[in-house]
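# Commentary on secondary and tertiary structure
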Amino acid sequence: MLKIMFVFGTRPEAIKMAPLVLESLKQKDKFKVKVVITGQHKEMLDEVLKIFKIVPDYDLKIMKKEQTIIDISISILEKMDKIIKKEKPEIIFVHGDTSTALNTAMVSFYNKIKVAHIEAGLRSYNMYSPFPEEMNRKLISSLTTYHFAPTENNKQNLLKENIKENVFVTGNTVIDALFSVIKENYVFESEILNNIDFKNKNIILLTCHRRENLGERMKDIFESLLEIIHQNKDIEIIFPMHKNPKIREIVNKVIGCQKQIHLIEPLGYVSFVNLMKKVKLILTDSGGIQEEAPALGKPVFVLRTETERSEALEAGTIKLIGVKKNNIINEVEEILKDKKKYNLMSQAKNPYGVGDSSKKILKIIDKIKER
Ligand code: UD1
Ligand code: UDP
């Protein structure tokens, strides 16, 4: 039996680690599993754990209102060290590029425990965007023994950095999660969403939370949306707002109360992906949504100047529209009018796998054990 430990702390990590945790728990003869949540997020994380029925062995409960990267790092370094020393796992799984992932990888290294990195090899090649995620994932790669790259592009990025051993292309576990919760004829719990006219209106789904977009950029994004709805009475925007109070401050200042913009609390994961399926277009600065939406045939306009999801760009399922007002307005109005362009984007092929990534990853880990 291999003693493995999964560590995660934010909503997207939980969504993408859940299929892997559940699959490893099923394989009782092969793996002895411990789940640790740092609690970098609270409400947004608890909701995902509930959906996937995951009960963590440890909860570090580190979240503070308006926490800094330093706050998160100090708490995780101290608390994870104690848990790792007590549990002595053979391999620790971290995901992606968050502060939870980097600090856990560091503690693992200091304890000479091997790190398995899920969603390895993503690169934007701009160390300040996304910030701090681009540097986090580079540093995690240096601390990792087993690199699970979602795509061939991601593997190539690692090879360029001379990381050649134990690099495996497995697809992205986000597709495993997505296919496990997507439903036909989904009915929302929220009356606001059930009352939206998805058939006759152009409904846009918006999410916006990146640290580097906070401030003027986010203000510009919201102002461009105001102009879009004022010019186009057939457009409505649904905006499930991230819990970060800094974002809500800007929303209150710039958007306020608008009939065509539905400002709502973060949605549960099941509601959110089923909402993605119903809307016409997605505007986002999120990473995970750039991977999910293509599997649902929805065009994604990315509110950033670069992306680490280069394969989605190549496939034509996402488009970088940046953060400049005029550009956002022109791009949104154009795609909603130009059917040919819209169809090209919505019919492009999802490059992130078929939903079997967790099984692939565990099979590889199991084989490694035999070496
Ligand atoms: C973090 C990750 C980012 C990821 C994002 C997903 C880092 C450095 N950043 O950024 O890569 O894209 O999560 O959403 O790891 N809050 C709550 N309740 C919650 C969650 C957050 O109140 O359930 C509030 C808190 O006030 C918290 C703030 O949001 O201080 C920011 O959370 P934090 O994890 O520091 O940053 P994110 O922007 O969420
Ligand atoms: N998501 C959700 N509810 C929401 C918004 C997003 O469940 O209201 C899910 C979404 O389906 C995706 C993940 O959260 O799987 C993306 O998280 P986020 O955008 O916060 O982080 P990122 O992917 O940018 O790191």
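The structure this text deals with has already been given above.
Residues numbered from 1 in each chain as written. Chains lettered and ligands numbered in written order. Predicted model: local features only at pLDDT ≥ 70, side-chain atom pairs only at ≥ 80, totals over all residues. Heavy atoms only, no water.

## A closer look at the overall build of the protein
For clarity, the cut-off: Helix and strand assignments follow DSSP, with helices taken as H or I runs no shorter than four residues and strands as E runs no shorter than two, numbered in order from the N terminus. For a compact globule the rule gives 2.2 Å times the number of residues to the power 0.38, and the radius of gyration it is set against comes from C-alpha atoms. To sort residues, take the accessible area from a 1.4 Å probe on protein chains only and compare it with the maximum for the residue type: under 20% means buried, over 50% means exposed, and anything in between is partly exposed. We call two residues contacting when some pair of their heavy atoms lies within 4.5 Å.
In terms of helices and strands, the protein carries 16 helices and 13 strands. For the protein, the C-alpha radius of gyration of 20 Å lies close to 21 Å, the compact-globule estimate for 371 residues. On the principal axes, the C-alpha backbone points of the protein span a range of 60 × 40 × 40 Å. Looking at the 371 residues of the protein, the share that counts as buried comes to 58%. Within the protein, residue pairs in contact and separated by at least 24 positions form 68% of the contacts whose partners lie at least 6 positions apart.

## Some remarks on the sheet that holds strand 9 (residues 235–240)
Defined as follows: When DSSP finds at least two bridges between two strands, those strands are taken to pair. All axes are obtained by fitting lines to C-alpha atoms, using only the stretch in contact for helices, and the reported angles, taken between N-to-C directions, cover 0 to 180 degrees.
An order of 10-9-8-11-12-13 is seen for the 6 strands of this open sheet, with the pairing classed as parallel. At either end of the open sheet lies a strand with only one pairing partner, and these are strand 10 (261–264) and strand 13 (318–320). The sheet shows a mean angle of 20° between the axes of neighbouring strands, direction not considered. Alignment of strand 11 (residues 281–284) against strand 12 (residues 300–302), held across 3 bridges, turns out to be parallel.

## What to know about the sheet that holds strand 5 (residues 114–118)
Hydrogen bonds between backbone atoms are what pair the strands of a sheet, whose relative direction is either parallel or antiparallel. On the basis of which strands lie adjacent, the open sheet formed by 7 strands has the order 3-2-1-4-5-6-7 and parallel pairing. Pairing within the sheet leaves two strands with one partner each, and these edge strands are strand 3 (58–59) and strand 7 (167–169). When strand 1 (residues 2–8) meets strand 2 (residues 31–37), the two strands line up parallel, connected through 7 bridges. When the bridges of strand 2 are listed, Leu2 appears paired with Phe31. Here helix 4 (residues 99–110) sits on the sheet and contacts strand 1, strand 4 (91–95) and strand 5; the angle it forms with strand 4, its principal contact strand, is near 160°. Sheet strands touched by helix 5 (residues 133–143): strand 4, strand 5 and strand 6 (146–149). Its angle to strand 5, the strand with the most contacts, is close to 140°.

## Structural notes on the nonpolar core
Just so we agree on the cut-off: Among buried residues, the Ala, Val, Leu, Ile, Met, Phe, Trp, Tyr and Cys ones that are joined through side-chain atoms within 4.5 Å form a nonpolar core.
Ranked by internal contacts, the top residues of the largest apolar core, which has 61 residues, are Phe6, Phe8, Phe93, Phe148, Met276 and Ile365. Excluding its chain neighbours within four sequence positions, the residues that come into contact with Phe6 are Met17, Leu20, Val21, Ser24, Val33, Lys34, Val35, Val36 and Phe93. In this structure, Ile204, Cys208, Ile328 and Ile335 belong to the second largest nonpolar core, which totals 33 residues.

## Observations concerning the environment of Asp338
To be explicit about the condition: We define a polar contact as two N or O atoms separated by no more than 3.5 Å, with the added condition that, inside protein, one atom must be a possible hydrogen donor and the other a possible acceptor, whereas residues neighbouring each other in sequence contribute only through side-chain atom pairs.
As for its position among the elements, Asp338 is in the loop between helix 14 (325–337) and helix 15 (339–346). A distance of 3.2 Å separates the side chain of Asp338 from the backbone nitrogen of Lys340, its partner in a polar contact.

## Regarding the site of ligand 2
Put simply, the rule reads: Near is defined per residue: the residue qualifies when any heavy atom it owns lies within 4 Å of the molecule or strand. Amino acid classes used here: Ala, Val, Leu, Ile, Met, Phe, Trp, Tyr, Cys and Pro are nonpolar; Asp, Glu, Lys and Arg are charged; the rest, including Gly, are polar.
The full set close to ligand 2 counts 15 residues, and Leu267, Ser286, Gly287, Gly288 and Glu292 are the nearest of them. Between an oxygen atom of ligand 2 and a side-chain N or O atom of Arg11, the distance comes to 2.8 Å. With respect to ligand 2, the backbone of Leu267 contributes an N or O atom lying 2.8 Å from a nitrogen atom. If you list the elements that add at least two residues to the shell around ligand 2, you get helix 1 (11–26), helix 11 (269–278) and helix 12 (288–295). Each residue belonging to the shell around ligand 2 can be placed in one class, and the counts come to 8 nonpolar, 4 polar and 3 charged.

## Here we look at the state of the cysteines
Rules: The disulfide criterion is simple: two cysteine sulfur atoms within 2.5 Å.
Taken as a whole, this structure holds 0 disulfides when the rule is applied. Here Cys208 stays unpaired: no disulfide links it, and the sulfur of Cys257, its closest cysteine neighbor, is 20 Å away.

## Let's talk about the pattern of salt bridges
Selection criterion: Just to be clear on terms, a salt bridge is a Lys or Arg side-chain nitrogen sitting within 4 Å of an Asp or Glu carboxyl oxygen.
This model, assessed by the stated rule, comprises 28 salt bridges. We note a salt bridge from Arg309 to Glu119, for which the minimum N-O separation is 3.5 Å. You can see Arg309 sitting in the loop between strand 12 and helix 13 (310–315) and its partner Glu119 sitting in the loop between strand 5 and helix 5, a full 190 residues away along the chain. In terms of burial, Arg309 and Glu119 fall into one category: buried.

## Overview of the site of ligand 1
Test applied: Reported accessibility uses the Shrake-Rupley method at a 1.4 Å probe radius. Residues are deemed covered only where the shown protein chains occlude them.
What surrounds ligand 1 is a group of 24 residues, the closest being Gln40, His41, Glu43, Lys64 and Glu133. Within the contact set of ligand 1, an oxygen atom lies 3.1 Å away from a backbone nitrogen or oxygen of Glu66. Alone, ligand 1 offers 760 Å² of accessible surface; in the complex the protein occludes 95% of this. When grouped by side-chain class, the residues that make up the shell around ligand 1 number 6 nonpolar, 9 polar and 9 charged.

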